[in-house]
Amino acid sequence: MDSATSDRDALQATADNGLKIVVVGGFGVGKTTMVRSVSEIRPLNTEETMTRAGEAVDDLDGVHSKTSTTVAFDFGRITLDARSVLYLFGAPGQERFWFLWDRLFSGTLGAVVLVDTRRLADSWYAIDRLEHHGTPFIVACNDFGGPLHTEQQIREALDLSPDVPLVECDARDRSSSKYVLITLVEHLHALSLARAATAGAALAGSAAPVTAAQTPEPTL
């Protein structure tokens, strides 16, 4: 399916700052849909039709109507300004393609973990791998019309740290997907400020004042 957004001009030659974000999550949670809805260009999709051969290895519980699946990754782009561009990568959800994730995580600033609240357990692996790599992330609950859960229930089910942002979204909606990305960028900015403050405090604490008695005598 083609993106609903129109193609824009090719990337300007002045753009020299490429930023990378990865969208991860379980099988059929809407990763391809999110990349497709928010990308300013017609996204690259590696979707293939699902066949009977895959029924023995893919868990279709809760996604019986799904007819295609990503077999490598999705790719989209958002131009931030004349010199900066954001690259979006959507990771495949099936367990048999998880070996691709480590390469997709390479060089990424952060990640969106997209979850279906009807199948929260499907998101555990994504969170585990991000924590293993030390990659900052937020969690976005895609609306599939499933049972309602409180924020606390979702946090407990996913064992989320209190400082990990948790938001709701509709991956089909461009503005909703943009809000998710903005939330991630704000989270990354807050983490950056916190690291800078910690480093500054550590540097100030280690810099002891030099007294006259400590000053070595000049030698000739």
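Computed from a predicted model, the values in this text were never measured in an experiment. Just so you know, the residues in each chain are numbered from 1, in the order the chain's sequence is written. Whole-chain, interface and lining totals are the exception, using all residues; otherwise, since this is a predicted model, local features are given only for residues with pLDDT of at least 70 and side-chain atom pairs are given and counted only at 80 or more. Water and hydrogen atoms were dropped before computing side-chain values, which therefore reflect all heavy atoms in the structure.

**A closer look at the overall build of the chain**
Going along the chain from the N terminus, every DSSP run of H or I of four or more residues is numbered as a helix, and every run of E of two or more is numbered as a strand. What the chain contains, in helices and strands, is five helices and eight strands. Relative to its 220 residues, the chain shows a buried fraction of 41%. Only heavy atoms enter the contact rule, under which two residues are in contact if any of them lie within 4.5 Å. A fraction of 75% describes how many contacts in the chain between residues 6 or more apart in sequence connect residues 24 or more apart. Per-residue accessibility takes into account occlusion by the displayed protein chains alone, with areas from the Shrake-Rupley method and a 1.4 Å probe. Counting every atom, the chain has about 12,700 Å² of accessible surface; 55% of that belongs to carbon and sulfur. Only protein chains enter the accessibility calculation, which uses a 1.4 Å probe. A residue is then buried if its area is under 20% of the maximum for its type, exposed if over 50%, and partly exposed in between.

**Describing unusual backbone geometry**
In this structure, Asp159 is a non-glycine residue whose phi angle is positive, near 55°. Note on Asp159: relative accessible area 63%, which makes it exposed.

**Re the side chain of Thr108**
In this structure, Thr108 sits in the loop between helix 2 (101-105) and strand 6 (110-116). Given a relative accessible area of 14%, Thr108 falls into the buried group. Definition of a polar contact: a pair of N or O atoms within 3.5 Å, with one able to donate and the other able to accept a hydrogen when the atoms are protein atoms, and with sequence-neighbouring residues admitted only if both atoms are side-chain atoms. Among the polar contacts listed, one links the side chain of Thr108 to the backbone oxygen of Lys20, at a separation of 3.1 Å. At a separation of 2.9 Å, a polar atom in the side chain of Thr108 contacts the main-chain carbonyl oxygen of Gly110. Setting aside chain neighbours within four positions, we find Thr108 in contact with Lys20, Ile21, Val22 and Thr135.

**Notes on the confidence of the model for the chain**
The pLDDT value expresses, per residue, how confident the predictor is, ranging between 0 and 100. Across the chain, the average pLDDT comes to 78, with 69% of residues at or above 70. Scored below 50 in pLDDT, residues 1-7 makes 19 contacts in the model with residues more than four places away or belonging to other chains. Contacts from residues 64-68, a stretch scored under 50 in pLDDT, to residues over four places away or in other chains number 10 contacts.

**Considerations on the packing of aromatic side chains**
Pairs were defined over the aromatic rings of Phe, Tyr and Trp, the Trp ring being its six-membered one, requiring ring centres within 6.5 Å. Orientation was assigned from the angle between planes: stacked under 30 degrees, edge-to-face over 60, tilted for the rest. Applying the stated criterion across every chain yields a total of two aromatic pairs. Grouping aromatic residues by their ring pairs yields a cluster made of Phe75, Tyr87 and Phe89.

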